[in-house]
Amino acid sequence: MRSKKTQEVEKTSEFNNAVKPDPVIAKPPGDCCLEGTIHDGEPRGITTTIADVETYIVEPPKEKANGNILLYFPDVFGFFTNGFLIMDGFADAGYLTLGLDYFRGDPVWKHRKHRKDTTTEPNFDYEAWKAKHMAFSKDAVPAWVKAVKEKYGKPGIKFACVGYCYGAPYVCDELSSSGICSAGAFAHPAFLNESHFFNLKNPLFLSCSEIDHTFPNEFRNRAVDIMQSGKKQFQVQLFSGVEHGFALRGDPNDPYERYTKEQSLKGIAEWFDFWLSQDPSENAKL
């Protein structure tokens, strides 16, 4: 029979080993993630396969190439014209840019064209769709990142990463102690918990909209509080009057929406330019 003291020790051990809550700080993609405008343009990259996942690769113009690599993590629209053109934009800023299709040819737009669409696939289960692809991405993303590093990583080359909505947690992962990126950014994020911000080791740029179901003011403010208390390197870019999806699916025919989309890309690229130009030994002093 166990003594009273033994029982107390066991209870204390169980308490210490219990999984601590990890509050949500950016909700899963919702109906707001189904809205947006498809942009016009001709993507100039190529597609190949890396770690058994279809990958879009676009090279920078030779006169602009900075020798560094950008990893792109898509939103729920996956591989589509807007995403390709955004990747082309980062390549134009000097980065060899690679993005993966963790939806495996099954982006959400094949099921719903917009949030009120009930005709494309009347019985579409959005929650089941998200769960299926999250389960795949959990293992596929780290394997893909590892394969990209093995294929393209060389002495002197640095990695950055950017994610939109669904892609945000992978950015935070790559900025943690287990990641490979020297700097990262996300826009209108989803699927984040407080631990993503507590675990940041390298600089993060947050491109945000005033109106955002997944990352409302109280969540954004909590993220900032965590980063400030942990003395993380970060920058928040916040645009009034635009909604979730503005940085990727804003209407280019609306002057203000076009401006915010372009400023988001410009701000992210300049963030990478600064941090990837720093000597790692100097970063801790900044």
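Residues numbered from 1 in each chain as written. Predicted model: local features only at pLDDT ≥ 70, side-chain atom pairs only at ≥ 80, totals over all residues. Heavy atoms only, no water.

The name given to the chain in an unreviewed UniProt entry is Dienelactone hydrolase domain-containing protein, and the organism recorded there is Saxophila tyrrhenica.

A positive phi angle, near 55°, is found at C165, a position not held by glycine. Mapped onto the elements of the fold, C165 is located in the loop between β6 (159-164) and α4 (168-174). Within the chain, F191 stands out as a residue other than glycine whose phi angle is a positive 55°. For F191, the position within the fold is in the loop between β7 (181-187) and β8 (192-193). (Helix = DSSP H or I, 4+ residues; strand = E, 2+ residues; numbered from the N terminus.)

With the rule as written, the count across this model stands at seven salt bridges. The closest approach of N and O atoms between E270 and K266, which form a salt bridge, is 2.9 Å. Residue E270 and its partner K266 are both found in helix α8 (residues 255-276); the two are separated by four residues, about one turn of the helix. Residue K266 is classed as partly exposed on the basis of its relative accessible area, which comes to 42%. (Salt bridge = Lys/Arg side-chain N within 4 Å of Asp/Glu carboxyl O. Buried < 20%, exposed > 50% of the residue type's maximum accessible area, 1.4 Å probe, protein only.)

What follows is about the pairing of strand β9 (residues 204-211). Within β9, six of the eight residues are buried, leaving the element largely enclosed by the surrounding structure. As defined by bridge partners, β7 adjoins β9 across four bridges and the pair is classed as parallel. Bridge pairing links A187 to S207 in β9. Pairing geometry for β9 and strand β10 (residues 234-243), over seven bridges, is parallel. Looking across to β10, one finds that L206 is bridged to V236. Following the backbone out of β9, through helix α6 (residues 217-229) and into the adjacent parallel β10, one traces a crossover that is right-handed. (Pairing = 2+ DSSP bridges. Right-handed = clockwise from strand over helix to strand, strands pointing away.)

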